[in-house]
Amino acid sequence: MAVFVYALYSPSHDIVYVGMTQDYQRRLTEHNAGKSKFTQSYRPWTLFHLEEFANFSEGRKREKQLKSHAGKTFLKSKLA
(Lines give C-alpha, C1' and ligand atoms only; values in the text may rest on other atoms or scores of the structure.)
Protein backbone atom coordinates (compact mmCIF):
# COMPACT_ATOMS: atom_id res chain seq x y z
CA MET A 1 0.00 0.00 0.00
CA ALA A 2 1.56 3.26 -1.15
CA VAL A 3 1.50 6.29 1.12
CA PHE A 4 2.04 9.84 -0.10
CA VAL A 5 3.50 12.75 1.82
CA TYR A 6 2.43 16.00 0.23
CA ALA A 7 2.93 19.71 0.64
CA LEU A 8 0.32 22.29 -0.25
CA TYR A 9 0.78 26.00 -0.70
CA SER A 10 -1.71 28.79 -0.14
CA PRO A 11 -0.51 31.71 -2.29
CA SER A 12 -3.10 34.08 -0.81
CA HIS A 13 -1.73 33.52 2.73
CA ASP A 14 1.84 32.33 2.00
CA ILE A 15 1.35 29.18 4.09
CA VAL A 16 2.74 25.68 3.56
CA TYR A 17 0.78 22.66 4.80
CA VAL A 18 2.23 19.14 5.02
CA GLY A 19 0.11 15.99 5.19
CA MET A 20 0.04 12.28 4.47
CA THR A 21 -2.55 10.17 2.65
CA GLN A 22 -3.11 7.17 0.41
CA ASP A 23 -4.99 9.27 -2.17
CA TYR A 24 -3.43 12.71 -2.59
CA GLN A 25 -5.81 13.86 -5.34
CA ARG A 26 -8.86 13.19 -3.15
CA ARG A 27 -7.14 14.87 -0.21
CA LEU A 28 -6.34 18.02 -2.23
CA THR A 29 -9.99 18.19 -3.27
CA GLU A 30 -11.04 17.90 0.38
CA HIS A 31 -8.66 20.66 1.46
CA ASN A 32 -9.99 22.98 -1.24
CA ALA A 33 -13.60 22.10 -0.35
CA GLY A 34 -13.01 23.20 3.26
CA LYS A 35 -13.31 19.73 4.79
CA SER A 36 -10.18 20.12 6.91
CA LYS A 37 -10.53 22.43 9.91
CA PHE A 38 -7.03 23.93 9.71
CA THR A 39 -6.84 24.38 5.95
CA GLN A 40 -10.35 25.67 5.28
CA SER A 41 -9.44 29.28 6.12
CA TYR A 42 -6.48 29.39 3.74
CA ARG A 43 -8.02 28.19 0.48
CA PRO A 44 -7.25 27.79 -2.37
CA TRP A 45 -4.41 25.26 -2.05
CA THR A 46 -2.04 24.03 -4.72
CA LEU A 47 -0.04 20.82 -4.55
CA PHE A 48 3.66 21.58 -5.05
CA HIS A 49 5.55 18.68 -3.47
CA LEU A 50 4.79 14.95 -3.43
CA GLU A 51 6.75 11.92 -2.21
CA GLU A 52 5.67 8.27 -2.34
CA PHE A 53 6.54 5.67 0.31
CA ALA A 54 6.03 1.92 0.50
CA ASN A 55 4.52 1.94 3.97
CA PHE A 56 2.95 4.09 6.65
CA SER A 57 5.94 4.23 9.02
CA GLU A 58 8.31 5.51 6.32
CA GLY A 59 5.77 8.11 5.27
CA ARG A 60 5.13 9.26 8.84
CA LYS A 61 8.86 9.70 9.43
CA ARG A 62 9.19 11.90 6.34
CA GLU A 63 6.04 13.85 7.19
CA LYS A 64 7.50 14.71 10.60
CA GLN A 65 10.76 15.83 8.96
CA LEU A 66 8.91 18.11 6.55
CA LYS A 67 6.83 19.60 9.38
CA SER A 68 9.97 20.61 11.27
CA HIS A 69 11.55 24.04 10.88
CA ALA A 70 14.26 22.63 8.59
CA GLY A 71 11.62 20.82 6.55
CA LYS A 72 9.52 23.94 6.10
CA THR A 73 12.65 25.87 5.06
CA PHE A 74 13.39 23.16 2.47
CA LEU A 75 9.83 23.32 1.13
CA LYS A 76 9.76 27.12 0.98
CA SER A 77 13.02 27.04 -1.02
CA LYS A 78 11.22 24.90 -3.62
CA LEU A 79 8.62 27.65 -4.03
CA ALA A 80 11.13 30.36 -4.88
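Residues numbered from 1 in each chain as written. Predicted model: local features only at pLDDT ≥ 70, side-chain atom pairs only at ≥ 80, totals over all residues. Heavy atoms only, no water.

1. Notes on the packing of aromatic side chains
Let me state the cut-off plainly: Side-chain rings of Phe, Tyr and Trp, where Trp is taken by its six-membered ring, are said to pair if the distance between their centres is within 6.5 Å; with planes under 30 degrees apart they count as stacked, over 60 as edge-to-face, and otherwise as tilted.
Enumeration according to the criterion identifies seven aromatic pairs in this entry. Centre to centre, the rings of Phe-38 and Tyr-42 are 5.4 Å apart; their planes meet at 40°, and the pair counts as tilted. One aromatic cluster is present, formed by Tyr-6, Tyr-17, Phe-38, Tyr-42 and Trp-45 through successive ring pairs.

2. Observations regarding the pattern of salt bridges
The test is simple: Here, a salt bridge means any side-chain nitrogen of Lys or Arg that lies within 4 Å of a carboxyl oxygen of Asp or Glu. In this text, helices come from DSSP runs of H or I with a minimum length of four residues, and strands from runs of E with a minimum of two, each type numbered from the N-terminal end. Exposure categories follow from relative accessible area, calculated using a 1.4 Å probe and restricted to protein chains: below 20% of the type maximum is buried, above 50% is exposed, and the middle band is partly exposed.
Applying the stated rule across the entire model yields seven salt bridges. A salt bridge links Arg-26 to Glu-30, with the shortest nitrogen-to-oxygen separation between them at 2.7 Å. Taken together, the residues span about one helical turn, with Arg-26 and Glu-30 both in helix α1 (residues 24-32) at a distance of four residues. The salt bridge partner of Glu-63 is Lys-67, with a shortest N-O separation of 3.3 Å. Taken together, the residues Glu-63 and Lys-67, both in helix α2 (residues 56-67) and four residues apart, mark about one turn of the helix. Residue classification places Glu-63 among the buried positions, given a relative accessible area of 5%. Each of Asp-23, Arg-26, Arg-27 and Glu-30 takes part in one network of salt bridges that share partners.

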